[in-house]
Amino acid sequence: MAERDLSVDFYRVCAIGLVVVGHWLAANATYHDGEFGMLNVLEEMPWTQWLTLPFQVIPAFFLMAGYASAVSWARRRDHGSEPAQSWLRSRLSRTLGPTAAYVGLVLVVVTVLLVVGVDGAKLAFGGWAVAYHLWFLVVFVLLISATPVVMAADRRWGLAVPAALAIGVGVIDLAYIGGGVPYVGYLNYVLGWAVSYQIGIAWRSGRLAGRRPIVLALSSAVVLAVLLAWGPYPVSMIGVPGEQLQNTAPPSLALVAFAAAQAGLLLTAAPAVNRALRTMRAQRPLAAANGAVMGLYLWHMVPVVVVALLGYPTGLLPQPPIGSADWWLARLGWVAAIAVVTAVLMAMLWWQRARLAAPLPSLPVPLPAGWGLASLLVGALVTAAGVLVFTVGGFAPDGRFPVLATLMFAAGAVLVALTPRAGRAAIGARQADTRPASPE
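Computed from a predicted structure; not experimentally measured.

**Q** Summarise the pattern of salt bridges; cite the residues concerned and give the values.
**A** Evaluated as defined, the whole model comprises three salt bridges. In this structure, the salt-bridge partner of Asp-9 is Arg-12, at a minimum N-O distance of 3.2 Å. With Asp-9 and Arg-12 both in helix H1 (residues 6-26) and three residues apart, the pair spans about one turn of that helix. For Arg-12, a relative accessible area of 2% translates into the label buried. Of the charged contacts in the structure, one is a salt bridge between Arg-207 and Asp-154, with a shortest N-O distance of 3.1 Å. In this pair, Arg-207 is assigned in the loop between helix H10 (188-204) and helix H11 (212-230) and Asp-154 in helix H8 (residues 147-157), connecting sequence segments 53 residues apart. Using a relative accessible area of 1% as the deciding quantity, one classes Asp-154 as buried.

**Q** Tell me about the environment of Phe-258, and please be specific about residues and values.
**A** Tracing the sequence through the fold places Phe-258 in helix H12 (residues 253-279). In this structure Phe-258 comes out as buried when scored by relative accessible area, which is 8%. In this structure the C-alpha to C-alpha distance between Phe-258 and Val-222, which are 36 residues apart in sequence, comes to 9.8 Å. Once residues lying within four places of it in the same chain are set aside, the contact partners of Phe-258 are Leu-53, Gln-56, Pro-59, Leu-224 and Met-237.

**Q** Requested: an account of the environment of Trp-299, with residues and values cited.
**A** Take Trp-299: it is sitting in helix H13 (residues 283-299). For Trp-299, a relative accessible area of 10% translates into the label buried. Measuring from C-alpha to C-alpha, the distance between Trp-299 and Met-346 comes to 8.5 Å, with 47 residues separating the pair along the chain. Every residue in contact with Trp-299, bar those within four places of it in the chain, is listed here: Tyr-102, Leu-105, Leu-345 and Leu-349.

Reading guide: rules and limits
- Residues numbered from 1 in each chain as written.
- Predicted model: local features only at pLDDT ≥ 70, side-chain atom pairs only at ≥ 80, totals over all residues.
- Heavy atoms only, no water.
- Salt bridge = Lys/Arg side-chain N within 4 Å of Asp/Glu carboxyl O.
- Helix = DSSP H or I, 4+ residues; strand = E, 2+ residues; numbered from the N terminus.
- Buried < 20%, exposed > 50% of the residue type's maximum accessible area, 1.4 Å probe, protein only.
- Contact = heavy atoms within 4.5 Å.

Everything listed here is a matter of coordinates, which is why it stays silent on function.
Encoded structure:
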């Protein structure tokens, strides 16, 4: 068996950590006259938009996901003991199981709060705060579902695939930004992130060896500089409310160039990172950290809501003017309080990991293989659509229970879990694989 690439694990853990801390720092809640609100730091202090360059690590997230999928797919192909459909179902189940646990528990809390009569506006705010980060899973589920196709594309066309995807993003930008064609930009929500996913696959396939990573980094950095200096794109690599043009909503060609430059730098540093980690004998800590990243990503906004609800109405948390020296000092206390609550939450998640981190259970049914695949793909699409509705409207839209999103998510999850009886053994074998993976 090939030696495990520790740099992938390290990059994944670092990416999650930066995303989490970035969300905590950017979550500038306010409380006045009994009402919660939210100020966006990037909007209130425009100079902070430059800080999005080191903190935008979602492209690295998808890069590592592509690498991990390629490793798992190659293992399936080399062993020759698992049908592609079983592999896909297992991979999606490992993503949707923890997600279903998170969604289910949040919905239980929402129901209880509705019954006891919590103010609808406060409930809607909290429900949105613990849902908006789930957008990542919408794209992730779609990319995982497309893995068999993109793996075949990599084998046939190699690096031409991510190049073609990047060109496609540019063409859509021309139509959407330059031509004002409505809605076409939504395609870039998949194509834009698919570039990083495909680069990760190419990395695992050995197509980015030698000097290619540094060439990718430098050439992409030049393209990014040109796009930011002479193109219509803003410098912020994270969406800024109120801005007409954003690099993440939908993903733009500038974000793709940024992602490619980031990927080139990470791949260039990977051999040195591997050597350092093996010298430090960091395999076990990295494995433990990787086992926790999915739970951390899913649950990391819950402590934000808890600290806000306990700290602001009681006056325990100060509210100095945003951008002042006192505000920056208060940010340290804010992040420290959230980190303490998160540590307690992560301990509880570890204690209940058999329930909260388990993949979706398989539901064996007498289905032909073709119908099983159709059920799987439809289920993935419906589940992704349900998560998208949660992301946009929150878990308590307008202070109400999210009936439509809940039904969509539940129906999609059941369809993914339906397993043709012939594939039951293979599914069990895949779910027994406890190797750490990306948040999926």
